[in-house]
Amino acid sequence: MKYIIVLSELSELIAKLERCLRKNQPFVYDDVHFSLEDREQRIKCITYILKDVDQEVCGSEYHLWVEKLSDLILYEELTDHHPYKSFYAEYPVLSKWQISSRKDREYNIVLAYNIDMNKQKCCDPVRRKRTAKEEWVREVNDQKKLREQNAYYKQQSQDSEVESFIIYS
């Protein structure tokens, strides 16, 4: 068992693995031939590579290399450029650019109830909330109006003399 000490060796190995995968060529590692077209063979190859990598030497970049190797395992799904993968597979594996384009195409279901086909808002109108100052001004105005109405009511409802009219016919 040998350890890949230098990160550049690991990056070169991953680049070579990716080139062989793209060109459908066999990959040789530790005198073992791997057919990268078959996913099981690819997983075995990557397992051998990860066994030989010293995690302490790679340090904080180790998870980045493992992510690249896991992307090579899912090579077929990630390189499928069909924009509507979900029609053919129930839970498709999407690459980063496919996820971003899917998010650009799709909207939240809540918006479906409030936006029509022309992307115009068609939700019910919502009353604007008054600010504290607007509420205060409204209350002051209401109090003035109420005082005026009360004064007018008192004036109209006071006891007054009954005027008598004589009507001649």
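Read on for a plain summary of the structure. Not measured: the values here are computed from a predicted model. (Residues numbered from 1 in each chain as written. Predicted model: local features only at pLDDT ≥ 70, side-chain atom pairs only at ≥ 80, totals over all residues. Heavy atoms only, no water.)

What about unusual backbone geometry?
Leaving glycine out, the prevailing phi sign among residues is negative, and the prevailing peptide bond configuration is trans.
Part 1 of the argument: A positive phi angle is found at Asn-24, which is not glycine, with a value near 55 degrees.
Part 2 of the argument: Take Asn-24: it is sitting in the loop between α1 (7-23) and β1 (27-29).
Part 3 of the argument: Phi at Asp-30 is positive, roughly 50 degrees, even though this residue is not glycine.
Part 4 of the argument: Locating Asp-30 in the fold gives a position in the loop between β1 and β2 (32-34).
Part 5 of the argument: A residue is classified by how much of its surface remains accessible, and Asp-30, at 45% relative accessible area, is partly exposed. (Helix = DSSP H or I, 4+ residues; strand = E, 2+ residues; numbered from the N terminus. Buried < 20%, exposed > 50% of the residue type's maximum accessible area, 1.4 Å probe, protein only.)

Quick notes on the nonpolar core
Part 1 of the argument: In this structure, Leu-17, Phe-27, Leu-36, Ile-49, Leu-69 and Leu-72 are the most contacted members of the largest nonpolar core, which totals 19 residues.
Part 2 of the argument: Listed by contribution, the elements that provide at least two residues to this core are α1, β1, α2 (39-52) and α4 (62-73).
Part 3 of the argument: At 6 residues, the largest contribution of residues to this core is made by α1.
Part 4 of the argument: Those residues in contact with Ile-49 that lie beyond four places of it in its chain are Leu-10, Leu-13, Leu-17, Phe-27, Tyr-29 and Leu-69. (Core = buried A, V, L, I, M, F, W, Y, C linked by side-chain atoms within 4.5 Å. Contact = heavy atoms within 4.5 Å.)

Topic: the packing of aromatic side chains
Each pair of aromatic rings is reported with the distance of its centres and the angle of its planes.
Part 1 of the argument: Per the counting criterion, the structure on display carries 1 aromatic pair.
Part 2 of the argument: With a centroid separation of 5.7 Å and an interplanar angle of 45 degrees, the aromatic rings of Phe-34 and Tyr-48 are classed as tilted. Of this pair, Phe-34 sits in strand β2 while Tyr-48 sits in helix α2, and the two are 14 residues apart along the sequence. (Phe/Tyr/Trp six-rings, centres within 6.5 Å; stacked < 30°, edge-to-face > 60°.)

Some words on the side chain of Arg-42
Part 1 of the argument: Relative to the assigned elements, Arg-42 resides in helix α2.
Part 2 of the argument: Contact partners of Arg-42, with chain neighbours within four places excluded, come to Leu-21, Ser-35, Leu-36, Glu-37, Leu-72, Ile-73, Tyr-75 and Glu-76.

Remarks on the environment of Asp-31
Part 1 of the argument: Tracing the chain through its elements places Asp-31 in the loop between β1 and β2.
Part 2 of the argument: Taking C-alpha positions, Asp-31 is 107 Å from Ala-151, a pair spaced 120 residues apart along the chain.

Observations regarding the layout of surface pockets
Part 1 of the argument: If you add up the space inside the largest pocket, you get close to 230 Å³.
Part 2 of the argument: Taken together, Ile-14, Glu-18, Arg-22, Leu-64, Glu-67, Lys-68, Asp-71, Leu-72, Tyr-75, Leu-78, Thr-79 and Lys-96 form the lining of the largest pocket.
Part 3 of the argument: The leading source of residues in the lining of the largest pocket is α4, at 5 residues.
Part 4 of the argument: A per-class count over the lining of the largest pocket returns 5 nonpolar, 1 polar and 6 charged. (1 Å grid on protein atoms, 1.4 Å probe; cavity = no way out; pocket = protein on both sides within 12 Å on 5 of 7 lines; lining within 4 Å. Points joined across faces, edges and corners; volume = space filled by probe spheres on them. Nonpolar A, V, L, I, M, F, W, Y, C, P; charged D, E, K, R; others polar.)

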